[in-house]
Amino acid sequence: MAQLFLERVAATPDLEAYRYPVPVDAQAADGSPGAEQWRTLSWGQTARRVNRIAAGLMALGIRPEERVAIASSTRIEWILADLGVMCAGAATTTVYPTTNADETSYILSDSGSRALFAEDAAQLAKVVECKSDLPELGFVVTFDGAAPDEDVPGLEVLSLAELEQRGATYLDEHPDAITKTVEAIERDQLATLIYTSGTTGRPKGVRLVHDCWSYQAVAQEALGLMNADDVQYLWLPLSHVFGKTLTSGHIKVGFVTAVDGRVDRIIHNLPVVKPTFMAAAPRVFEKVYNGIAAKARGEGGAKYAIFQWAAGVAREYGRVGQESLVAKGKREYPFGLALKHTVADKLVYGKIREAFGGRMRACISGSASLAPEIGYFFSGAGVHILEGYGLTESSAASTVNPGEDYRIGTVGRPLPGTEVRIAEDGEVLLRGPAVMRGYHNQPEKTAEVLEEDGWFHTGDIGELDEAGFLRITDRKKDMFKTSGGKYVAPSEVEGKFKAICAYVSNILVIGNGRNYCTALISLDEPALLDWAKAHGQEGKGYAELCALPEVKSMIEADVQTLNGQLQRWQTIKKFELLPRDLDIEHGELTPSLKVRRPVVEKEYAGLIEGMYEGAREK
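Computed from a predicted structure; not experimentally measured.

Considerations on the side chain of serine 239
Then, in step 1: You can see serine 239 is positioned in the loop between β10 (231-234) and α9 (241-253).
Then, in step 2: Here valine 95 takes part through its backbone oxygen, which lies 3.2 Å from a polar atom of the side chain of serine 239.
Then, in step 3: In this structure, serine 239 is in contact with Ser72, Trp78, Thr94, Val95, Tyr96, Pro97 and Ile194, ignoring residues within four places of it in sequence.

Observations concerning the packing of aromatic side chains
Then, in step 1: Inspection of every chain in the model, using the stated rule, returns 10 aromatic pairs.
Then, in step 2: Each ring, one from tyrosine 516 and one from tyrosine 612, has its centre 4.8 Å from the other, and the planes form 25°; the classification is stacked. A residue pair is termed long-range when its members are at least 10 positions apart, and tyrosine 516 in the loop between β23 (504-510) and β24 (517-523) and tyrosine 612 in helix α21 (residues 605-612) qualify at 96 residues.
Then, in step 3: Among the residues examined, tyrosine 516 registers a relative accessible area of 13% and is labelled buried.
Then, in step 4: An aromatic cluster of three or more residues is present, and its members are Phe285, Tyr289, Phe307, Phe356, Phe377 and Phe378.
Then, in step 5: Its guanidinium or amino end placed over the ring of tryptophan 213, lysine 244 lies 5.2 Å from that ring's centre, counting from NZ or CZ.
Then, in step 6: A cation over an aromatic ring shows up here: lysine 486 above the ring of tryptophan 569, its NZ or CZ 4.5 Å from the ring centre.

Remarks on empty space enclosed by the protein
Then, in step 1: Tallied over the full model, the rule gives three cavities of 30 Å³ or more.
Then, in step 2: Every element with two or more residues in the lining of the largest cavity is listed here: α3 (76-87) and α9.
Then, in step 3: For the lining of the largest cavity, the element with the highest residue contribution is α3, accounting for five residues.
Then, in step 4: Each residue belonging to the lining of the largest cavity can be placed in one class, and the counts come to nine nonpolar, two polar and two charged.
Then, in step 5: Empty space within the second largest cavity amounts to approximately 60 Å³.
Then, in step 6: Surrounding the second largest cavity, 13 residues form its lining, Leu370, Ile385, Glu387, Ile408 and Gly409 being those nearest its centre.
Then, in step 7: Of all the secondary structure elements, the ones that give two or more residues to the lining of the second largest cavity are α14 (372-381) and β14 (385-389).
Then, in step 8: Considering only residue class, the lining of the second largest cavity consists of seven nonpolar, four polar and two charged.

Here's the deal with the packing of helix α1 (residues 2-11) against helix α2 (residues 43-59)
Then, in step 1: Remark: α1 packs on α2, axes separated minimally by 8 Å, with the N-to-C direction vectors making an angle of 140°. One way to sum up the angle between α1 and α2 is to call them oblique. As α1 packs across α2, the resulting crossing turns out to be left-handed. Along the contact surface, α1 presents Phe5, Arg8 and Val9, while α2 presents Trp43, Gly44, Thr46, Ala47 and Val50.
Then, in step 2: Residues belonging to the contact of α1 with α2 are distributed by class as follows: five nonpolar, two polar and one charged.

Describing the pairing of strand β5 (residues 115-118)
Then, in step 1: With burial as the criterion, each face of β5 is covered, one bearing Ala115 and Phe117 and the other bearing Leu116 and Ala118.
Then, in step 2: As defined by bridge partners, strand β3 (residues 67-71) adjoins β5 across four bridges and the pair is classed as parallel. Bridge pairing in β5 places alanine 69 opposite leucine 116.
Then, in step 3: With four bridges joining them, β5 and strand β6 (residues 139-142) adopt parallel strand pairing. Looking at β6, one finds that alanine 115 is bridged to phenylalanine 139.
Then, in step 4: The parallel pair β5 and β6 is bridged by helix α5 (residues 121-130), and the resulting crossover is right-handed.

Section: the sheet that holds strand β4 (residues 91-95)
Sheet strands pair via backbone hydrogen bonds, and the direction of the pair is either parallel or antiparallel.
Then, in step 1: Strands sit in the order β7-β6-β5-β3-β4-β8-β9 across an open sheet of seven strands; the sheet is mixed. Of all strands in the sheet, those with a lone pairing partner are β7 (156-159) and β9 (205-209), marking the two edges. Strand-to-strand twist of the sheet, defined as the mean angle between neighbouring strand axes without regard to direction, takes the value 20°.
Then, in step 2: In this sheet, β4 lies alongside β3 in parallel orientation, the contact comprising five bridges. Within β4, the position partnered with isoleucine 70 by the bridge is threonine 94.
Then, in step 3: With respect to the sheet, helix α4 (residues 101-111) is in contact with β3, β4, β5 and β8 (190-195), its orientation differing from that of β4 by roughly 165°.
Then, in step 4: Contacts from helix α6 (residues 160-173) reach β5, β6 and β7 within the one sheet, and its direction differs from that of β7 by about 90°.

Examining the nonpolar core
Then, in step 1: In this structure, Phe117, Phe356, Phe378, Tyr503, Ile521, Leu523 and Ile555 are the most contacted members of the largest nonpolar core, which totals 164 residues.
Then, in step 2: With residues up to four places along the chain from it excluded, the contact list for phenylalanine 378 reads Phe285, Val288, Tyr289, Ile352, Phe356, Val383 and Ile385.
Then, in step 3: One finds Ala69, Val127, Leu137 and Leu190 within the second-largest nonpolar core, a separate group that totals 20 residues.

Cut-off values and rules
Positions within a chain are numbered from 1, following the residues in the order the chain's sequence is written. The predicted nature of this model means local features are confined to residues of pLDDT at least 70 and side-chain atom pairs, given and counted, to a pLDDT of 80 or more, with totals for whole chains, interfaces and linings taken over all residues. Note that the side-chain values use all heavy atoms of the structure and ignore hydrogens as well as water. Where helices and strands are cited, they refer to DSSP runs of H or I of at least four residues and of E of at least two residues respectively, numbered from the N terminus. We call two N or O atoms a polar contact when they sit within 3.5 Å, provided that within protein one can donate a hydrogen and the other can accept it, with sequence-adjacent residues counted only if both atoms are side-chain atoms. Two residues qualify as a contact provided that any one of their heavy atoms is within 4.5 Å of a heavy atom in the partner residue. Each Phe, Tyr or Trp ring (for Trp, its six-membered ring) is paired with any other whose centre lies within 6.5 Å, and the angle between the two planes then decides the class: stacked below 30 degrees, edge-to-face above 60, tilted in between. Relative accessibility thresholds used throughout: buried, under 20% of the residue-type maximum; exposed, over 50%; partly exposed, between the two (1.4 Å probe, protein chains only). Here, over-ring charges are defined by two tests on the NZ atom of lysine or the CZ atom of arginine: distance to the ring centre within 6 Å, and angle to the ring normal within 35 degrees. Whether a set of points on the 1 Å grid over the protein atoms alone is a cavity depends on a 1.4 Å probe fitting there but being unable to get out, while an open set qualifies as a pocket with protein on both sides within 12 Å along at least five of seven lines; lining residues are those with an atom within 4 Å of a point. Grid points are joined across faces, edges and corners, and a volume is the space filled by probe spheres set on the points. Basically, the charged four are Asp, Glu, Lys and Arg, the nonpolar ten are Ala, Val, Leu, Ile, Met, Phe, Trp, Tyr, Cys and Pro, and anything else, Gly included, counts as polar. Fitted lines through C-alpha atoms give the axes, limited to the stretch in contact for helices. The angle between two N-to-C directions lies from 0 to 180 degrees. Our angle categories are set so that under 35 degrees counts as roughly parallel, over 145 as roughly antiparallel, 65 to 115 as roughly perpendicular, and the remainder as oblique. With the far helix as reference, a near helix turned anticlockwise by less than a right angle produces a left-handed crossing, and one turned clockwise produces a right-handed crossing. We treat two strands as partners when DSSP finds at least two bridges between them. Orienting the strands away from the viewer, one traces the path from the first strand over the helix to the second; a clockwise path indicates a right-handed crossover. Residues enter a nonpolar core if they are buried and are Ala, Val, Leu, Ile, Met, Phe, Trp, Tyr or Cys, with the set joined through side-chain atoms within 4.5 Å.

In structure tokens form, the structure reads like this:
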């Protein structure tokens, strides 16, 4: 990857590489962010900073394949630091900024990280707290210039600017240091250690080498989904493999990337950046859909009726277009449907596309499954969501839907050079250059999932259709059997409900070994508060609102609508509204917003048992 970066810089030194926001006004009195402006870096300007960072690390004594960690949200400095680590021949250890001090200490210790890039004082404090457990960690470089209140024995703390200054001095003495180091990097040299956020136990460090990322870069270019004229809006966590792989394609293809990891600024930034493509987890599209639906529902009357009609037209348009694509090789629509779509586009869809910036050619969805009904809605509205599939262990992208030929409900076809097959028990197996070289310091765990001939066991259940499109049906460990012997794929049921209920945030279907299915449901707080304003309940908090009979009745109606779309053994007989939404802080969601089912089921075991009291088990 370091070589691909230097090649990109040499080919287009003056072209724009990055955009990033900087504040120009202080924070407003009400606590809202002040005014900002977007600055740019050309590839040449990027290289000058990257070279100084790389040389600075060399000056600190960092050597090839030694680990340098980054604990920060997504921002331009994260990318510069990561490129600097790679150009120094070292390997990046990624740490989510939300990771607590104990787990941060474990990751830094297990990886043997010798240095850390820390975003701010909060990230620095975690290291100071546990420094006695980290004898190998000798340096912390802070992005914002934070420093400890007093010296920490065995730890040198310096700002990013100070590191770059050291690098500049080092390059004066060793002008060819970067070139020689990059030339010496081998394809199987460790580039990144990403720790998986498992549902139980300590996370495992996934060893991804330079060949994993350079393969991703070349494969993404070969797909042709992105071109040099594109503008990407990158907000995904770069500590996560999905965000990280997008930086590989960016370097190879050479488009512009606008970087800002603040989730609460996405809606504000999209009309400013006007991206042509963006990647996101399904939760983002669900929140956008729920926000639109809840707002229309709150306005009631004609506006809600128009939205409901337009949403139905969008889904039908998306579904009919896909059915004709599969049958005839092109999207065709009956005259009546096309006419309704034209009217709905003027009334509703155009506003949705403008909210995405007005130029969005496609969105890429990954990390979890997207509910097909939500996919059809956005497809009909002209916001095309290309669902893909991959894991940390496969450098994120293993399959992706092709541009105009995408098929909702599938995760597309394998990337060029990646093989996919389905095992006898339905498990999806992967093989190719992007597959990890193993778990760090855990050969026994590696042997459990990685066969000697290179096939990786994903733990997901899926199927391949005749055209080579992969469909993931569920996690192998999440599927359950009722006491009546019927199998249930909970994600299928949960996805259907998210397309029905405008207020849902998370839903967990329960029923393993039981004689019927139940559900734990948390609601989207902003949407719920909007409902409260429209129904004379303003001033009540989330928990109070969830306790209202009318809220329970509203969700009950949506559950009954869901049940009408399910087989008898899949239907939700009872449900409970949770007193708060699931979150990362309580350990119920992973940093990539996946639900940790065992954690939630343990925490709300009382509610679950209450839904089965008096039930006759078979």
